[in-house]
Amino acid sequence: MRPSILSLLTALSLAASPALAASASTVYPVVAMGDGQIYNVLYTESSWMSLAVPLSDVGGSVPSNVSLSVSGLPEGTTITLDGVSQVGDLLLLDVTVSRDDDRMGVHDTAILALKSGDQTLTTLSIPVVGAAYNE
């Protein structure tokens, strides 16, 4: 199952690369993986998802001292980087998405600056969603 996901992600990244290579300030859309599936969103209250980034977007190898800077989400909604790994030609960023108040719905786009030290390697975007729950 994993090889077919990697093939699909590679095809998606290759198809999108020429259109997205317009400028250094471009924000690249990214897909999430989890439970053997590919998602176009991150879900709140999740710690089982990974963002898949082509290694070519970050210089061709796994960078050291990786961190994420996140904007675009409502106050109290966070994305935390839990781990980094390489699978084929992809960099997988394991993330946890959480929010302080699940009575408030979330349907926003996160802008994530992937950094190595103080240097921004690439900027990514992905919708973040979570239903509102009433007590």
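Details of the structure are given in the entry above.
The structure presented is a predicted model; accordingly, all values stated were derived computationally and were not measured.

Student: Which residues make up the overall build of the chain, and what values go with them?
Tutor: Across its full length, the chain carries 1 helix and 10 strands. By the burial criterion, 39% of the 135 residues in the chain qualify as buried. Sequence separation of at least 24 residues holds for 60% of the intrachain contacts in the chain that already meet a minimum separation of 6. With an accessible surface of roughly 7,200 Å², the chain has 51% of that area assigned to carbon and sulfur atoms.

Student: Provide a residue-level description of unusual backbone geometry, including the pertinent values.
Tutor: Positioned with a positive phi, Glu45 is a non-glycine residue whose angle comes to about 55 degrees. Owing to a relative accessible area of 44%, Glu45 belongs among the partly exposed residues under this scheme.

Student: Hey, could you go over the packing of aromatic side chains for me, with residue numbers and the actual values?
Tutor: Applying the stated criterion across every chain yields a total of 2 aromatic pairs. A ring pair is formed by Tyr39 and Tyr43, whose centres lie 5.9 Å apart and whose planes are at 90 degrees; its orientation type is edge-to-face. Owing to a relative accessible area of 18%, Tyr39 belongs among the buried residues under this scheme. Arranged with centres 5.5 Å apart and planes meeting at 70 degrees, the rings of Tyr39 and Trp48 form a pair that is edge-to-face. Here the aromatic residues Tyr39, Tyr43 and Trp48 are joined through ring pairs into a cluster of three or more.

Student: I'd like a description of the pairing of strand 5 (residues 46–54), backed by residues and values.
Tutor: Of all 9 residues making up strand 5, 7 are buried, and the element is well covered by its neighbours. Pairing of strand 2 (residues 31–34) with strand 5, which is carried by 3 bridges, proceeds in the antiparallel orientation. Of the residues in strand 5, the one forming a bridge with Ala32 is Leu51. Both strand 5 and strand 8 (residues 90–99) contribute to a ladder of 7 bridges, which runs antiparallel. Across the sheet, the residue bridging to Ser50 is Asp94, located in strand 8.

Student: Explain the pairing of strand 2 to me, using residue names and the numbers behind them.
Tutor: Going residue by residue along strand 2, you find Val31 and Met33 tucked away on one face and Ala32 and Gly34 tucked away on the opposite face as well. Hairpin remark: strand 2 followed by strand 3 (residues 37–39), antiparallel, with 2 residues in the connecting loop; positive phi at Asp35, about 55 degrees.

The rules behind these values
- Residues numbered from 1 in each chain as written.
- Predicted model: local features only at pLDDT ≥ 70, side-chain atom pairs only at ≥ 80, totals over all residues.
- Heavy atoms only, no water.
- Helix = DSSP H or I, 4+ residues; strand = E, 2+ residues; numbered from the N terminus.
- Buried < 20%, exposed > 50% of the residue type's maximum accessible area, 1.4 Å probe, protein only.
- Contact = heavy atoms within 4.5 Å.
- Areas by Shrake-Rupley, 256 points an atom, 1.4 Å probe, with all protein chains shown as cover.
- Phe/Tyr/Trp six-rings, centres within 6.5 Å; stacked < 30°, edge-to-face > 60°.
- Pairing = 2+ DSSP bridges.

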